Amino acid sequence: MSGTRRVLTAHWDDPGVIRLAGYESAGGYRALRTALGMTSDELIQIVKDSGLRGRGGAGFPTGMKWSFVPRDTGKPTYVTVNFDESEPGTCNNRELVEREPHALLEGTAIAAMAIGCHLAFIYIRGEYLWQGQILQRAIDEAYAAGYLGRGVLGGDYDLDIVLHRGAGAYICGEETALLSSLEGFRGQPRLRPPFPAVEGLYDSPTVINNVETLMNVPHIVNNGADWFKEVGTEKAPGTKMFTISGKVERPGNYELPMGTPMRVLLEEYAGGVLGGRAIKAWTPGGSSTPFLTDEHLDVGLDFEAIMEAGSLLGTGAIMVLDETDCMVEAARRLVEFYAHESCGKCTPCREGTWWASRVLGRIEGGYGREDDLPVMADMGRNILFRAFCALADGAVSPIQSTLTHFMDEYEAHIREGRCPATGRGPGAAGQTEPADVTFATTGPFEIQGAPS
Amino acid sequence: MSAPEPQVTLTVDGKEVTVPAGTLIIRAAEQVGVEVPRFCDHPLLEPVGACRQCYVEVEGQRKLFTSCTTAVADGMVVKTQNTSDVVHEAQVANLEFLLLNHPLDCPICDRGGECPLQDQALAFGPGESRYREAKRVYAKPLPLSPLVNLDRERCVLCARCTRFCDQVSGDRFIELFARGAAQQVAIAPGEDFRSPFSGNTVQICPVGALTSTPYRFAARPFDLSTVDTVCPHCSAGCNIKLDMRRGEVVRHLARDNYDVNDAWLCDKGRYAFRFPDAPDRIAMPLIRDHGLEPASFGEVVTRVAGWTEGARVAILTGGRLMDEDYYALSKLARTVFRTNDLDHRRTGDPGAADSERHAASDPMAVTYGDVEGASVVLVVGLDAEQEVPILHLRLRKAARRGARIWVLHPRRTRLHDVATHVLCRPGDEGRLLAGGADGVLDEALTALREAGPGAVVLAGERHGAADAAKRVADATGARFQYVTRRANDRGALLAGVHPALLPGGRGLDEVDDVERVWGPLMNREPGRDTMGILRACAAREVDVLFLVGVDPLRDVPDAALVRRALDNVPVKVVQSLELGSLEPFADAFLPASAFLEKDGHVSTWEGRGQRLRAIRGRDGISLADWEIFASMALACGGDLGFETLDAIHEEMGRLLGARSERGVAVEPPGEAGNAAEEPSGSVQGLAPQPDWERERGAEGATAEVGRSPGSIGDSRDAGDGGGGDDLVLFTYPLLVDEGRLSEGADELKAALGDEAFVELHPSDAGSLGLADGARATVRTDAGLAELPVRVTEHVAAGAAFVPFNQPDLAANTLFSGAMVTRARIEPVEEAVEGSGEPAVAAAGGES
Amino acid sequence: MAIFEGERLDEARSIIARYPEGRQRSAVMPLLYLAQSEEGWVTRDALREIGELIGVRTAEVEAVATFYTMLRARPTGTHLIAVCTNLSCALRGANDVLLAAHEATGIAPGEDLSDDGVFSVHEEECLGVCEFAPVVQVDVANHDRVTPERMREIVASLRAGDVPEPARGPAVESFRAASRILAGLEPLADEVATT
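Remember, predicted model here, so these are calculated numbers, not experimental data.

1. Examining the overall build of chain C
Thinking step 1. The helix and strand tally for chain C stands at eight helices and four strands.
Thinking step 2. In chain C, the succession of helices and strands from N to C terminus is α-α-α-α-β-α-α-β-β-β-α-α.
Thinking step 3. Its C-alpha atoms put chain C at 50 × 40 × 30 Å along the principal axes.
Thinking step 4. Here the analysis covers contacts within chain C between residues at least 6 apart in sequence; of these, 61% occur between residues at least 24 apart.

2. Some points on the overall build of chain B
Thinking step 1. Along the backbone of chain B there are 26 helices and 38 strands.
Thinking step 2. Relative to its full complement of 847 residues, chain B shows a buried share of 61%.
Thinking step 3. Put simply, 74% of the contacts in chain B that link residues at least 6 apart link residues at least 24 apart.

3. Re the pairing of strand β1 (residues 78-83) of chain A
Look at any regular strand and the pattern is simple: side chains alternate between the two faces of the sheet.
All names here are of chain A.
Thinking step 1. Burial analysis of β1 places six of its six residues in the buried class, the great majority of the element.
Thinking step 2. The two faces of β1 match: Y78, T80 and N82 on one face and V79, V81 and F83 on the other face are all buried.
Thinking step 3. Both β1 and strand β2 (residues 119-124) contribute to a ladder of six bridges, which runs parallel. Its bridge partner lying in β2, F83 is registered against I124.
Thinking step 4. As defined by bridge partners, β1 adjoins strand β4 (residues 206-210) across five bridges and the pair is classed as parallel. Each bridged residue has a counterpart across the sheet, and for N82 the counterpart in β4 is N210.

4. Focus: helix α17 (residues 407-416) of chain A
One turn of the α-helix equals 3.6 residues, which is why residues spaced by three or four share an orientation.
Residue and element names in this part refer to chain A.
Thinking step 1. Every buried residue of α17 is listed here: E409, Y410 and H413. In an axial view of α17, the angular spread of the buried residues amounts to 105 degrees, which keeps them on one side of the axis. Exposed side of α17, more than 90 degrees from the buried face: D408 and R415 are the residues found there.
Thinking step 2. Turning to α17, the residues buried within the fold contact α13 (327-341), α14 (347-364), α15 (372-383) and α16 (391-405).
Thinking step 3. Just beyond α17, the residue with positive phi is G417, at close to 70 degrees.

5. Observations concerning the interface of chain B and chain C
Thinking step 1. Taken together, the contact pairs 12 residues of chain B with 10 residues of chain C.
Thinking step 2. Of the residues forming the side of chain B that touches chain C, the biggest block, four residues, is contributed by strand β9 (residues 174-177) of chain B.
Thinking step 3. Here the side of chain B that touches chain C is built from residues that sort into eight nonpolar, no polar and four charged.

6. Notes on the sheet that holds strand β20 (residues 404-409) of chain B
Residues and elements named next belong to chain B.
Thinking step 1. An order of β21-β20-β19-β22-β23 is seen for the five strands of this open sheet, with the pairing classed as parallel. Each end of this open sheet is capped by a strand with a single partner; those strands are β21 (420-423) and β23 (479-482). Across the sheet, the mean angle from the axis of one strand to that of its neighbour is 15 degrees, orientation sign disregarded.
Thinking step 2. Pairing between strand β22 (residues 455-459) and β23: four bridges, direction parallel.

7. Looking at unusual backbone geometry
Thinking step 1. Following R192(A), the chain continues to P193(A) via a peptide bond in cis, the omega torsion being -5 degrees.
Thinking step 2. Considering the arrangement of structural elements, one finds P193(A) in the loop between α8 (175-182) and β4.
Thinking step 3. Here the amide bond leading from P193(A) into P194(A) is cis, since omega sits at 0 degrees, within 30 degrees of zero.
Thinking step 4. The topology assignment puts P194(A) in the loop between α8 and β4.
Thinking step 5. Non-glycine residue F385(A) carries a positive phi angle of around 65 degrees.
Thinking step 6. Positioned with a positive phi, R540(B) is a non-glycine residue whose angle comes to about 60 degrees.
Thinking step 7. Checked against the element boundaries, R540(B) lands in the loop between α19 (530-538) and β26 (544-548).

8. Things to note about the interface of chain A and chain C
Thinking step 1. The partner chain C presents 45 residues to the 56 residues of chain A that form the contact.
Thinking step 2. Looking at the side of chain A that touches chain C, the elements that each hand over two or more residues are α5 (92-99), α7 (129-144), β3 (160-165), β5 (239-246), β6 (252-257), β9 (317-322) and α13 of chain A.
Thinking step 3. Its residues placed into classes, the side of chain A that touches chain C shows 25 nonpolar, 18 polar and 13 charged.

9. Examining the environment of R401(B)
Residues and elements named next belong to chain B.
Thinking step 1. Counting through the fold element by element, R401 comes out in the loop between α12 (389-400) and β20.
Thinking step 2. With 11 C-beta atoms counted inside 10 Å, the residue R401 sits in the exposed group.
Thinking step 3. Sequence separation of R401 and E372 is 29 residues, and the distance between their C-alpha atoms is 7.9 Å.

10. What to know about helix α8 (residues 175-182) of chain C
Thinking step 1. Counting buried positions along α8(C) gives six out of eight residues, so the element sits mostly inside the fold.
Thinking step 2. Of the residues making up α8(C), those classed as buried are F175(C), A178(C), S179(C), R180(C), I181(C) and L182(C).
Thinking step 3. Looking at the buried residues of α8(C), the elements they touch are α7 and β3 of chain A together with α2 (28-39) and β1 (79-84) of chain C.
Thinking step 4. Looking one or two residues beyond α8(C), the residue adopting positive phi is G184(C), at roughly 80 degrees.

11. Quick word on the nonpolar core
Thinking step 1. Ranked by internal contacts, the top residues of the largest apolar core, which has 468 residues, are I110(A), V377(B), V457(B) and L32(C).
Thinking step 2. When residues in this core are grouped by element, the largest group, 10 residues, is from helix α6 (residues 101-115) of chain A.
Thinking step 3. What L32(C) contacts, discounting residues up to four positions off in sequence, is V42(C), A46(C), I50(C), A65(C) and L71(C).

12. Quick word on the confidence of the model for chain B
All names here are of chain B.
Thinking step 1. Chain-level statistics for chain B give a pLDDT mean of 88 and a share of 89% at 70 or above.
Thinking step 2. The low-confidence segment residues 658-724, where pLDDT is below 50, has 246 contacts with residues more than four positions distant or belonging to other chains.
Thinking step 3. The low-confidence segment residues 832-847, where pLDDT is below 50, has 33 contacts with residues more than four positions distant or belonging to other chains.

13. Looking at the pairing of strand β28 (residues 588-591) of chain B
All names here are of chain B.
Thinking step 1. Burial along β28 is two-sided: the residues A588 and L590 and F589 and P591 are all buried.
Thinking step 2. With two bridges connecting them, strand β15 (residues 286-288) and β28 associate as antiparallel partners. Its bridge partner lying in β28, L286 is registered against F589.
Thinking step 3. Both strand β27 (residues 571-576) and β28 contribute to a ladder of four bridges, which runs parallel. Within the sheet, the bridge partner assigned to Q575 lies in β28 and is L590.

14. Here we look at the sheet that holds β1(A)
All names here are of chain A.
Thinking step 1. If you walk across this open sheet you meet the four strands as β3-β2-β1-β4, and the pairing is parallel. Whereas interior strands pair on both sides, the edge strands pair on one side only; in this sheet they are β3 and β4. Neighbour to neighbour, the strand axes of the sheet diverge by 20 degrees on average, direction disregarded.
Thinking step 2. Of the strand pairs in this sheet, β2 and β3 are connected by six bridges, and their pairing is parallel. Of the residues in β3, the one forming a bridge with I122 is L163.
Thinking step 3. Those strands touched by α8 are β1, β2, β3 and β4, and its axis lies near 105 degrees from that of β1.

15. A short note on the confidence of the model for chain C
In low-pLDDT regions, the fine details of the predicted coordinates are not to be read closely.
Thinking step 1. With 96% of its residues at a pLDDT of 70 or more, chain C has an overall mean of 94.
Thinking step 2. Across the predicted assembly, pTM comes out at 0.92 and ipTM at 0.96.

16. Describing the packing of α14(A) against α16(A)
Residues and elements named next belong to chain A.
Thinking step 1. Here α14 crosses α16 at 25 degrees, and the two axes come no closer than 9 Å. Here α16 runs roughly parallel to α14, going by the angle between their axes. Handedness of the α14/α16 crossing: left-handed. For the pair α14 and α16, contact is made by P348, C349, G352, T353 and A356 and by L391, A392, A395 and I399, respectively.

17. Let's talk about the environment of S129(B)
Thinking step 1. Mapped onto the fold, S129(B) is located in the loop between α3 (116-124) and β6 (136-137).
Thinking step 2. Along the sequence, S129(B) and E96(B) sit 33 residues apart, while their C-alpha atoms lie 7.5 Å from each other.

18. Observations concerning the environment of Q183(B)
Thinking step 1. By the element assignment, Q183(B) lies in the loop between β9 and β10 (184-187).
Thinking step 2. Residues Q183(B) and R152(B), spaced 31 residues apart in sequence, show a C-alpha to C-alpha distance of 9.6 Å.
Thinking step 3. Residues in contact with Q183(B), not counting those within four places in the same chain, are G344(A), R350(A), L157(B), L176(B) and A178(B).

Rules behind the numbers
Residues numbered from 1 in each chain as written. Chains lettered and ligands numbered in written order. Predicted model: local features only at pLDDT ≥ 70, side-chain atom pairs only at ≥ 80, totals over all residues. Helix = DSSP H or I, 4+ residues; strand = E, 2+ residues; numbered from the N terminus. Contact = placed C-beta atoms within 7 Å. Buried ≥ 20, exposed ≤ 12 C-beta atoms within 10 Å, placed from the backbone. Pairing = 2+ DSSP bridges. Arc of directions from axis to C-beta. Nonpolar A, V, L, I, M, F, W, Y, C, P; charged D, E, K, R; others polar. Axes fitted to C-alpha atoms, helices over the stretch in contact; angles between N-to-C directions. Core = buried A, V, L, I, M, F, W, Y, C linked by C-beta atoms within 7 Å. pLDDT = per-residue confidence, 0-100. Parallel < 35°, antiparallel > 145°, perpendicular 65-115°, else oblique. Left-handed = near helix turned anticlockwise from the far one by under 90°.

This is the structure:
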C-alpha cells in the first residue's frame, strides 16, 4: 500500500474539463451510467469496501454514513454537499470545482442514488462567487444533457440539484449549522441526536458530504474498491488534497496519498520554506488543528499518525510559519478568527474566544502580565470539549499548542514587552493602547474604555 | 391510549431513580432531589444546550454532558456537582465565562434577590474576576414595549425568551440578532413587543435582562409577602402568585400548574392587578333618603327586604362572583323572591341553550389536558387568544404536538399559523357546520369523525354558534365544551343563575333533587333573561331590580334600553365594590368584599373548581356576597339555611357533587377555611368579587336575537348615498380594553390596547369606497359611530367587526340586545354641515 | 416604493420556487441578496418585505441578516473591498495591504464606509484562496498576491470608474452586481474565459 497517483487532479492540465464536453471526453459521467444500473445497497457497499473516509475533517467512513439513512420513513431523503470550505488555510475544494465542476455533480448524483434522494443541495460559501457561477453552469449543462432532471439518462430516476449560497459564516461548515442555514435560519448548530441521517434537512433523513469526498466516488464506481485502496494507508486509503500555504516557496493544492510525510510535501512539492529559512511551526489541518513544529516533519499526513503527534489531520491544510514569525500573533489571529466566527449560541465559545483573543492581543501588543499565562491555560481547559460544537475546540488548538511549544516566546513578550522573533513592541501591528484590540464585531455595541 | 412507556433506571449521585426512556438527566435528577444548576433549561421549552451550566459526569464517558440535553440510559451512572470535582470545577469555570461581561449592578437590578445568576455566583462563583479587559457596553434599558424592558448587558443569552416566543406564543417579535460576542436579544426597530404573552419572557428570564415596567424598581423580594391564588380575569383560571408590599398588590406571577396554565400567564392577568385598590371603592352600606347616605348593614337590608315584600323582583349579575355566592343567589331568588327572573349573562343566546345545560351539568367534559392531547380540534365562535388566552396557548401546544385544528369564526384568530380558518358571517355557523356552503368544513368533520373521542369541539360565545357546534360533537363522537369567557361564568351556570336552569343544569321541569334540598319551588315558569328583565323594567313590569356585581350600562349591548330600564324600575339595589355609573340610580348600596378578601371557589372554563382564600382583611364593613344574600333572606322572613362556607359546601355537594363524570366542580363538605385542595389543579387563594362585574355584565335576550340582525330600514338619514348593502356587524371584547378589572393598568393598555376601529373585508371596503385608514360612519338601528377603518382579509366578507369596549367607543351604543346586528357603513363626508355631523358614541364608562 | 414589485417580484418568486413547497423560508438568504443588489445594502424595508414574502416576522429576517457578514445591514459603498488578514495572508503581508486599503480609500481604521459612499473596506476572515496570499476581494471578485502598491492601484482604478480585472472569473461591476450574482440570478456568460 503505497505509490502515488493523481485521481482528483488527473485532468488539471486540461482546461476543457470545466465544460461538459471536455469532462465527457475525459471519461466523465461514465460512473453515473454504471451507478444507474446498480442497486442502492450495491452503491453503499462499494463505497464501504473502498474505505473512503470523509475529507471534511472528521474522517468518518462515507459508506457507513450513507447506510445510516432510513429509507422507510415516508419522508424524502436529501443529499447536501458541504461546499462551505472556510477553514483558514483550506482551499482545495475551490480549485477542484473551479477546474472540474461536473465531477462534483457526478459524485453528488451517485450519492443521491445510493440513498434514494431526488433533490440534492450544494451549499457553497458566499465568497466563492465565480465558483458558484461555474457550478451553476455545469448544473445547467447536466440538465440539458439529461444527467439531471426528470428521468436521468432516459430512465425513471429523477434528480434535481439546487445551488444554495452561504453568506459569510464559518460555522455553516458544521453540518447541523449548515442545515439551519439552508432552511433559512441563523447558522447555529443543532442538538444531536437526532442526527442528520435520521432528521436532517426539513426534518428528513439527510446525508451531508464534503466536496472532495464526493469527487472520489465516481472513481471508486469506475475502478472498484480495491483500486482505491492501492494508495494511502490501510485505515485511510486513497489520495488526499493538501493545501500548503504561508511561508513556502510554492504554495498550492497538491494531491498526495494519505500518509505522505510532511517533509515530502514541504520539500518536494512546495519547494521548501520561503527564502530558505527554517520552519518554526505548521498546522497539519487548518487553523483548528494544534501547531506542530520542526520536530514533526517526518510524520505521515494521515488521521492516525497526526493524532499520535498531538494534532489532527483536519482538512489537510498546512500553514507554514518560519523562524521570523511571531507565534503570539499567530495564536491571536487565529483565536480572533474563532471569536469572530463564534455563532454566539453557547457560553464557553462566545465568551471564551472573546476573552482569549483580547488577552492574546494584549500580550502581543506588549502589555502582557505574568498571570495572563495561567489564565490562558485555564481558558483552554475550560473551553475544550465544553462547548456546543467543535468550533470552540478549534480555538483551543492554537492556544494550547503555542503554550506547549512556545512558552518561552510568550514569556519573552511579557518580560520584554516586545516580540523576540520580530522585534515588534508596543505600537507595532496597530497596538497603540492596551485596550485597542482589533476585534471585529458584527453588532451594535460599543467597547468600554481601557481596563486598569 | 398509548402503550406504557419503557422505563429506565439510573443513578444520580448514587441515588437510584427510574424514569421513562427519553427523560433528560436534569429531570431525572430533580426526581431524586438533586438540582443541577441551569439557566437555559426550562421544562416547557425544547432543550437548547446553550448556557452550558448544567454539566454532569456520566461514568465511562470522557467528556462532560449537559444534563438538559442528554437523555437517560439504562444503568447510567451520573455524577453532579455534589459528587464530582470535575463537574464542580466546570460549573465554576462556566460561571466565570458568564460573569465576564455581566455588570455589577445587582443593587439596582429588579432581579436582585431572586436571580439564579446571583444565587449561583454567591454560592460558588469566584470572589474576584480574572477578566482585565473592557466589558461589553450596551445602552440600557431598551424598551421592547411599554411593558417590557431589555438590558442586554445582563443577558446570558439563554434564549428562553426567544424560544418562548417561537415555541409557545408564536409571537416572534424578539429574536437573537448578530452573532458571537455581539449576539443579543433584539426586536425589529420600529416594532413593539406586541404579544399578549410578553410578560412570560420576563418571568422566565434567569437574570435581570428582561424586566417589566410596572414592577420596575417597585420592590425587593424580601419586602414582599407572597400568596398563592387564582387570576381573576378570565375563565382560564391561571394559578398565580400575588406579591404585596405593605398590603398593596405590586405583582402577579404565574404559578406552575401543568393541569391548568402550565407555567404561563397572559399580560392582562399579569399586569392588570391594581383594580382591587381602585380609588372609588365604597366599603359602607348606603341608603337613599334624600341623597345616598351611610347606614348600617342591618338597616339597609331591612329596608330592602321591605321593598321586596310582595314585589316583582328581578336580579342581574355578572360572571365574577364565586361559586358559593352564585349558589346562595340562586337559592335566594328561587326560595325567597320566588322568581326565575335572574341572569348572569351578557348575551343570552337561545342558540346556546343545550351548551349551557351541558356546561352546567357536566364539569370537566373537556380539560386543558384533553385539548393538549387531542388529535383534532374544532374551535367554533371563539377567539381564544383574546378571550381565554391560556387556552389559546394550549391549542398552540396541541398543534405543536401534531393536532389538526380548524377554527370557524368571523375573524381570523392568532391560531392562523397552526390552524385552518373558515371565516363565516356571524349567524352562518350553523349552516356551515351542517355541511352547507359547499362543504367547506367537510375535511374538519371527517377528521372529527375519524378521531372520535380523541377529538375536541370547543364553542365560544358568538351568537348562535354553540349549539350548532355541540350537534357536530354529538354526531361525530367528539368531546364538547362550551367555553365561557369571564372568570366564573361557569360557576354561575353551575349554580343556576339563569332563568331556565336550576343548580347542576337541571331544568325547571326536573325539580325533585332541588326540592329535596331547598324545599318546594313555587315558581316553575322559566324566567326572563337579561334582556327580558331589562325590557320588563323599562315596561314597568318589575318593582325591584338587584344589580349584583354588574354594570349593565357598560356591559349590556343595548345602552338605550338599559337607561330606560333604570329610569323606569322603581327600586334599584346595587351590591358591588363601588357604585360607578350606577350612582345616580341606586336606592341602596350593599358593599361587597373583594376577591382578595374572601374565601371560596371559582370554576375554569373546564368546570374545574379552584379554591381561593382571603389574603387580606375585609375592606371597611363589606361582606362576602353570599353573606349578604343570607342576611337578605333572613330579613325577608326566609332562610338560606347556611351561615358558614362549610354549610354551603355541604349543601352544594348534595346538589352538585355527584353529577360530574370526570371530576367534581365543588367538593362536598370541606373544612372551613383551609378546605383541602380541589380535585386537580386546585389552589389556595381567594376569589373574585362582584365588583369586577363591572368589566362587563350580563345580557341575553331570546327575542332580541332575531330582532337585531333584522331590519335597519328605519335607520336615520337613509338618504346619504353611501355605498352598498348592510353588513353584519359583530362585537366582542378584546383582551385589553376598558374593563373594570383593567383599571390602573396603564402600561398594559399602552402596550396592547387599541383605539376603536371597524374592520372590513377588502371586497366590502372596495364596494363601499373605503380604504384602510379612512374614517367611516357605522350606523345601526341603535346608534351611530365614526370610526377608522381597517381593511383586512382577516374578517369574513359581509361582516364587520368593532371591539366592544375601547377607550373611545362603548360599542353597546351600537347594538340592540345582541352582540351582533346589521349596520350600514359609509365613508365620512369631508365637509358635512354641522348638524349632520355624526356624533361619536360616548366613551365607555366613567371611571 | 416596494423593492419587490414587477420584475423583482417575479425574480423573488423564482427564487422561492427553487425550494420545496412549504419550505419558502429557505429562500431568505437569496432574497436578502436580491434586496441588497437593489438597494446596495439590506434596508429595513427589505427585511419587512422579505418577511411578508416568506411569511415570517421582520425580526426573524433581521435575525438571519445580522448573522451573516456578506449581508450588509448598514450602508455600504458602491465597492466593497475585503482584505483577508487571516494567518496565511497575514504571513504574506496582509496587514500592510489592509492599511493601504484604508489609506487609499480614506476610510479611517475601524470605520468601513468612505465619506463619498464609494468604498467600504472590510477586514475579512479566510477567503479560501490561501495559495495566492495575500488575497483581496473587490466586490467579491478575487485579486491574488496583492501588495500595498497593487491595493492602491485597484482603488485608483475603481475611483476612475474602471473595474480591475480579477485573478479569475469575470469582472464584477459593483457590490450590487455581486449581490445579484449571489442571488443566483446572473448565469455565467459562455464566452467568458476560464481560469
